[in-house]
Amino acid sequence: MRKIAISDIHGCAKTFKILLKEGVRLRQEDQLYLLGDYVDRGPDVKGVIDFIWELKEQNYQVHCLRGNHEAMMLEAIQGGNPLELWLANGGRATLESFGADYVEQIPRAYLDFAQSLDYVLEVDEYILVHAGLNFSSPNPLEPCEDMLWIRWWYDEIDYDWLQNRYIVHGHTPVPWQDIRQMHKKLDARRFIDIDNGCFAFFRPNLGQLCAFDLTHRQLYFQPNIEADT
Ligand SMILES: [Mn+2]
C-alpha cells in the first residue's frame, strides 16, 4: 500500500490519467491524496472531476483537498467576489469545459464537490495542504485562507512546532529541478512543493504533473499531454 500526493491538476485530465496509469500505476490498495486546484486554466476541468469520481466508483481511495481556485470559483458563483476576477484567473476555461456560457450552467454536483473539500490533512508524519502554513499564527493549522493562498513561507517555519513532520504542498509552480532539490533535502528542511505548473507546458522547466509517493519517498513526473490526440 502506497500513499501518493498530486497537486494542481488544473484541468489537465489527460495528463492526470496517464500519470496514474503509466507513471504511478495506481492500485486500489493505494491512498491517493489530491492537494487542490482541479479547476481553471487547463482544457478539461470537467474531465478531471469526472475522473476523480470514476476512481472512487471503482473503489480507488481518493482524498481531495481544497485549492484557492476551488475557493475562487465558489466565491464568484456565490457572489462574494466579482465573477470577472475568477473568469480572468482561469475560470473561463472551467466554464468552457462545461460548455457553459454562464456559471449557472455548471452542474450543481461539481460545485458541491468543491464545497465539500477540506483544507488540510495529516497523514502519518505528513501534513498535506494546498499552499502551505502560516507560522505567524499560534496554530498554523487554523488560518484556512493562508492554507489556500500563502506563498514564500519557508523562512517562517517553526521547527519546534513542526517536530518530526513534513509539509507537502503545491500552489506555487516551481521548476522540476527545485522539486528534486526539495526532495533531496526533505529530512533537513521538512517541506516539498510538488507543483511543477502542469498547465504551463509553454514555460521552460514547468509543464509536468508531479506525483510524490509518501511511502517510498519517490517522485514521478508526467509531461503535459493535453494537446495530444
Ligand atoms: Mn493554487
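Before reading on, note that the structure itself is shown above.
Residues numbered from 1 in each chain as written. Predicted model: local features only at pLDDT ≥ 70, side-chain atom pairs only at ≥ 80, totals over all residues.

A look at the overall build of the protein
Here is the rule we go by: Only runs of H or I of at least four residues qualify as helices and only runs of E of at least two qualify as strands under DSSP, and these elements are numbered from the N terminus. What the globule rule says is 2.2 Å times the number of residues to the power 0.38, and the radius of gyration is computed from C-alpha atoms. Exposure criterion: with C-beta atoms placed from backbone coordinates, a residue whose C-beta has 20 or more other C-beta atoms within 10 Å is buried, one with 12 or fewer is exposed, and one in between is partly exposed.
Looking only at helices and strands, the protein has nine helices and nine strands in total. Relative to a compact globule of 229 residues, whose C-alpha radius of gyration would be 17 Å, the protein shows 17 Å and is just as compact. Counting across all 229 residues of the protein, residues that qualify as buried make up 39%.

A closer look at the packing of helix α3 (residues 68–77) against helix α5 (residues 108–115)
Put simply, the test is: Comment: axis = line fitted to C-alpha atoms, over the contacting stretch for helices; angle = value between 0 and 180 degrees taken between N-to-C directions. Here roughly perpendicular refers to angles of 65 to 115 degrees, roughly parallel to angles under 35, roughly antiparallel to angles over 145, and oblique to all remaining angles. Here is the rule for handedness: rotate from the far helix to the near one, and if that takes an anticlockwise turn smaller than a right angle the crossing is left-handed, while a clockwise turn gives right-handed. Whether two residues are in contact is decided by their C-beta atoms, placed from the backbone, lying within 7 Å. Residue classes follow a fixed rule: Ala, Val, Leu, Ile, Met, Phe, Trp, Tyr, Cys and Pro count as nonpolar, while Asp, Glu, Lys and Arg count as charged, and any other residue, Gly among them, counts as polar.
It is the contact of α3 with α5, at a shortest axis distance of 9 Å, that shows an interaxial angle of 125 degrees. Considering the angle they form, α3 stands oblique to α5. Seen from above, α3 lies across α5 with left-handed handedness. Between α3 and α5, the contacting residues are Glu70, Met73, Leu74 and Ile77 on the first element and Leu111, Ala114 and Gln115 on the second. Residues that form the contact of α3 with α5 fall into these classes: five nonpolar, one polar and one charged.

With respect to the sheet that holds strand β1 (residues 3–6)
Selection rule: A strand pair is defined by DSSP finding two or more bridges across the two strands.
Within the open sheet, the five strands sit side by side as β3-β2-β1-β8-β9. Their pairing is mixed. The open sheet has two free edges, formed respectively by β3 (61–64) and β9 (218–223), since each of these has just one partner strand. Neighbouring strand axes in the sheet, compared pairwise and without regard to direction, differ in orientation by 20 degrees on average. Here six bridges tie strand β8 (residues 208–213) to β9, and the two strands are oriented antiparallel to one another. Among the inter-strand pairings, aspartate 213 is bridged to a residue of β9, identified as glutamine 218. The sheet contacts of helix α1 (residues 13–24) involve β1, β8 and β9, and relative to β9 the element is tilted by about 135 degrees.

Topic: the pairing of strand β5 (residues 126–129)
Across four bridges, strand β4 (residues 120–123) lies against β5 in antiparallel orientation. Counterpart to glutamate 122 in the pairing with β5 is isoleucine 127. The turn linking β4 back onto β5 is made up of two residues, and aspartate 124 within it adopts a positive phi angle of 50 degrees. Across three bridges, β5 lies against strand β6 (residues 166–169) in parallel orientation.

Quick look at the environment of leucine 35
Examined against the element boundaries, leucine 35 turns out to sit in the loop between β2 (31–34) and α2 (45–57). A count of 28 C-beta atoms within 10 Å places leucine 35 in the buried class. Distance in space between the C-alpha atoms of leucine 35 and tryptophan 176 is 18 Å, their sequence separation being 141 residues. Not counting the four nearest positions on each side in its chain, leucine 35 is found in contact with Ala5, Ile6, Ser7, Leu65, Leu128, His130, His169 and Gly170.

Quick word on unusual backbone geometry
Although it is not a glycine, aspartate 40 sits at a positive phi angle of roughly 75 degrees. For aspartate 40, the position within the fold is in the loop between β2 and α2. C-beta crowding within 10 Å serves as the criterion here: with 26 such atoms nearby, aspartate 40 is assigned to the buried category. Unusually for a residue other than glycine, aspartate 124 sits at a positive phi of about 50 degrees. Within the fold, aspartate 124 resides in the loop between β4 and β5.

Notes on the sheet that holds β5
Spatially, four strands are ordered β4-β5-β6-β7 in an open sheet, and the strand pairing comes out mixed. Two strands lie at the open edges of the sheet, namely β4 and β7 (191–193), each paired on one side alone. Going from strand to strand, the sheet's axes swing by 20 degrees on average, the running direction of each strand aside.

Observations concerning the nonpolar core
We apply this condition: We define a nonpolar core as a collection of buried residues of the types Ala, Val, Leu, Ile, Met, Phe, Trp, Tyr and Cys that are connected via C-beta atoms lying within 7 Å of each other.
By size, the foremost hydrophobic cluster in this structure holds 53 residues, and its most contacted members are Ala5 and Val129. Top element by residues in this core is α1. It accounts for five residues. What alanine 5 contacts, discounting residues up to four positions off in sequence, is Tyr33, Leu35, Leu128, Val168, Ile194, Ala211, Phe212 and Leu214.

Quick look at α3
Inspection of α3 places His69, Glu70, Ala71, Met72, Met73 and Ala76 among the buried residues, and these make up the whole buried set. Of the surrounding elements, those touching the buried residues of α3 are α4 (83–97), α5 and α6 (144–149). A positive phi of about 85 degrees marks glycine 79, the residue just after α3.

Read these as layout, nothing more, since geometry by itself doesn't imply function.
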